[in-house]
Every structure is written in C-alpha cells, then in structure tokens.
Amino acid sequence: MRFDVTILGSSSATPIFNRNPSAQVLNINERLFLIDCGEGTQQQLLKNGIKAQRINHIFISHLHGDHYLGLVGLLSSLHLYGRIRAMEIFGPPELKEILDIQFKYSQTNLRYPIEFYATQTERSALIYENPDIRVESFPLEHRIPCTGFRFSEKNRLPKIIREKVEELNIPVDVIPLIKKGADYTDETGVVYKASDLTLAADAPKSYAYCSDTVCNWKYIDQIRGVDTLYHEATFMNDMADRAAETFHTTALQAAEVARFAGVKQLLLGHFSARYRELEPLQDEARTVFANSRLALEGQTFVI
C-alpha cells in the first residue's frame, strides 16, 4: 500500500529563494490528499506531475494567507477543467464564508459541489474516515485558530500466500474470506487453516502535520508514535524569543517534540525567508533528533 508525501511548498509567509508557501500532497493507496494550499500550489502540482483532478480532499490548517491563498485559484481551475465530482474541504469555519464571497463576486458557479466540513480548535476530533484511513484534527497554538492533522492507516488484513493459493487452486471469491480468518475446505474435505495460507499484514503507517504553532507540548499525545512527523521550524534556536513572540517553533524545539513523541522521522518546514541556506536548521535539529530532514520542495518522502 502506497503511503508517501510530496512537498509542494515549505516557505513561511512569502515565496522566496525558489521556495513556495505551505502545501503538500499525501498519497495513500493512490488517493491524494492536499494539505494546505498556499500561493503557487497549482504550478507546483504541474511541476511535480500531480494531476489536480485526482485530489478529492483538501485540509486547511488555518487562515493565514501562506496556507490557503492558492485555494480559490485551484478550485476555479478545476471548474474550468470540467470537474463534476464533489470536493471535500476541511478547514476553519470562516473559510466557507471566504470561498462563498469569492465565487459570488466573480460570478463563478462551480460545476461541482463543495462539501465543507468545519474544523474546531478546542479538542481533537475524527474528521474523516474511509476503509483505509482515519484523519483526526487536533488543536495547535498560533496567533489565530489553527489545527494539525494526523493521518492513520487502519489495521490491514493478512496477506495471502499466493503460491499456496495457486497450488491448491483456491477460488478467487474465497480469498477475501480467508483474509478475514476463515479456514478453507477443498473438494475432498481437507481443511487448510487460514493462518497457514496468509502472512501477517504490514504494520499500519501514520503521518502527522503540525502547521504553525508555538512549542507548547500540548499536542504530544496526538502525534505520539507516528512514522513521520512534519513540524514547522520557522527559526533557528538563537531566535527562540522571536519564535515565541510570533507563535512559531525553532528547529531545535521541533526536534525535541519529535524525540519526546517517539516519532520515527521528522520533516522540518515552514522556513523563514531570512534563511537562504537551510542546512543549518537541519544540523541544529539533528543534535537532538538524528532522523531529521528538510522538507524540500519537489521531494517525496515515504512514510
């Protein structure tokens, strides 16, 4: 099962040094989930060979422009492309008003429906679920209401041992039952236990997205043990006072969060425009958490 994230934008506030504002695409079993949608997201989708029409779910963390100002343009382009399938959008309740007024005064009647689901920042909540995954939102602490998101695979069924299935000539329609634990009885009455015909499923994967937030440790339980954590790292730690003043996090603090939460991989992003070179932020984080990496645009990270 595919589970990876492609970084479309990792700059904070403004596009600079060939870095775009926040946006990324999560691919889970060939379903695409767009997380935040800063300016330039459409161009970044094209540049990275990702078809916007394949996106059916969009998650917006908060209403600072570098996290959503590309959304109206993307939705409008999908309208021009002839999209008719519904788009599900999860974000702050005020975002619905922003979208409505944009389309009202541009006299744009979308060919497709928008199904809007308002997030809230008082507590964690299950906001989306399908047969493969669960998505939960959780509160962060920024200058305005902001949420993080956790994407968690559900436990998968065991994997069938194909060689044994072919050897025993087991009918295709019986295989789903075997995966669910049913034994197989052949035409002669011989019983084959499901445990002998299957292998244990891979452990479920998980990904957490921590958008803009001061490092307050309140969200540790929501991200605990994830395979990959994306965490904002706007400043280096010599600017910790500035980070606190602006409700942001330093690279060192993000690494401390990753270590304390017991995650496996940390992706650093949302870099201040003051940093042309980003390696020092990575080096700083690695003094605390060795498996820290820069969320560089155009890179795809396997969860």
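Rules and cut-offs
- Numbering of residues starts from 1 in each chain and follows the order in which that chain's sequence is written.
- A pLDDT threshold of at least 70 governs which residues receive local features in this predicted model, and a stricter bar of 80 or more applies before side-chain atom pairs are shown or counted, although totals over entire chains, interfaces and linings include all residues.
- Water and hydrogen atoms play no part in the side-chain values, which are based on all heavy atoms of the structure.
- Relative accessibility thresholds used throughout: buried, under 20% of the residue-type maximum; exposed, over 50%; partly exposed, between the two (1.4 Å probe, protein chains only).
- What counts as a helix is a DSSP run of H or I of at least four residues, what counts as a strand is a run of E of at least two, and both are numbered from the N terminus.
- Any two strands are treated as partners once DSSP identifies two or more bridges connecting them.
- By definition, the crossover connecting two strands over a helix is right-handed if that path, from the first strand to the second, turns clockwise as seen with the strands pointing away from the viewer.
- Contact definition: two residues touch when any of their heavy atoms are within 4.5 Å.
- Axes here refer to lines fitted to C-alpha atoms; in helices the fit is confined to the stretch in contact. Angles between the N-to-C directions go from 0 to 180 degrees.
- Any Phe, Tyr or Trp ring, taking Trp's six-membered ring, that has another such ring centre within 6.5 Å forms a pair; planes under 30 degrees apart are called stacked, those over 60 apart edge-to-face, and the others tilted.
- Note on criteria: charge over ring means Lys NZ or Arg CZ within 6 Å of the ring centre, with the direction from the centre no more than 35 degrees off the ring normal.
- In this description, a nonpolar core means a group of buried Ala, Val, Leu, Ile, Met, Phe, Trp, Tyr and Cys residues linked to one another through side-chain atoms lying within 4.5 Å.

Draft legend 1. Broad picture of the pairing of strand β5 (residues 87-91). For β5, the buried fraction is high: five of the five residues fall into the buried class. As judged from the three bridges shared by strand β4 (residues 55-59) and β5, these two strands associate in the parallel manner. Note that in β5 the partner of Ile 58 across the bridge is Ile 89. As a crossover connection, the stretch from β4 through helix α2 (residues 71-80) into β5 is right-handed. The pairing of β5 with strand β6 (residues 114-118) spans five bridges and is parallel. Its bridge partner lying in β6, Gly 91 is registered against Ala 118. Read as a crossover between parallel neighbours, the route from β5 over helix α3 (residues 93-105) to β6 is right-handed.

Draft legend 2. How the structure looks around the side chain of Ser 61. Of note, Ser 61 is situated in the loop between β4 and α2. By relative accessible area, Ser 61 is classed as buried at 1%. Ignoring any residue separated from it by four or fewer positions in sequence, one finds Ser 61 in contact with Asp 36, His 67, Pro 92, Pro 145, Cys 146, Thr 147, Phe 149, Tyr 209 and Ser 211.

Draft legend 3. Structural view of the sheet that holds strand β16 (residues 265-269). As summarised here, the arrangement of the seven strands in space is β7-β8-β9-β14-β15-β16-β17, forming an open sheet in which the pairing is mixed. Only two strands of the sheet have a single neighbouring strand rather than two, namely β7 (125-129) and β17 (292-294). Geometrically, the sheet is characterised by an average inter-axis angle of 20° between neighbouring strands, direction not taken into account. Here strand β14 (residues 206-210) pairs with strand β15 (residues 228-232) via four bridges, running parallel. Residue pairing in the sheet places Ala 208 in a bridge with Leu 229 of β15.

Draft legend 4. Spatial organisation of the packing of aromatic side chains. Counting across every chain of the model gives eleven aromatic pairs. With 6.4 Å between their ring centres and 25° between their planes, Tyr 184 and Tyr 192 make a pair best called stacked. Among the residues examined, Tyr 184 registers a relative accessible area of 10% and is labelled buried. By way of ring pairs, the aromatic residues Phe 33, Phe 59, Phe 90, Tyr 117, Tyr 128, Phe 149 and Phe 151 are connected into one cluster. Positioned above the aromatic ring of Tyr 112, the side-chain terminus of Arg 83 is 5.5 Å from the ring centre.

Draft legend 5. Inspection of the environment of Pro 139 at higher detail. Along the chain, Pro 139 turns up in strand β8 (residues 133-140). With a relative accessible area of 23%, Pro 139 lands in the partly exposed category. Residues Pro 139 and Ala 125 lie 14 residues apart in sequence; the distance between their C-alpha atoms is 9.4 Å. In this view, Pro 139 contacts Thr 121, Glu 122, Arg 123, Ser 124, Cys 146 and Tyr 219; residues no more than four positions away in its chain are not counted.

Draft legend 6. Representation of the nonpolar core within the structure. Core analysis: the biggest nonpolar cluster contains 31 residues, and Ile 223, Leu 229 and Leu 268 have the highest contact counts within it. Breaking this core down by element, the ones donating at least two residues are β8, β14, α7 (220-223), α9 (251-261), β16 and α10 (279-286). Top element by residues in this core is α9. It accounts for six residues. Setting aside anything within four residues of it in sequence, one finds Ile 223 in contact with Phe 138, Arg 150, Ala 208, Cys 210, Leu 229, Val 257, Ala 261 and Val 263. Leu 45, Ala 52, Ile 58 and Leu 75 belong to the second largest nonpolar core, which has 25 residues in total.

Note that all results are geometric; they support no functional claim without further evidence.
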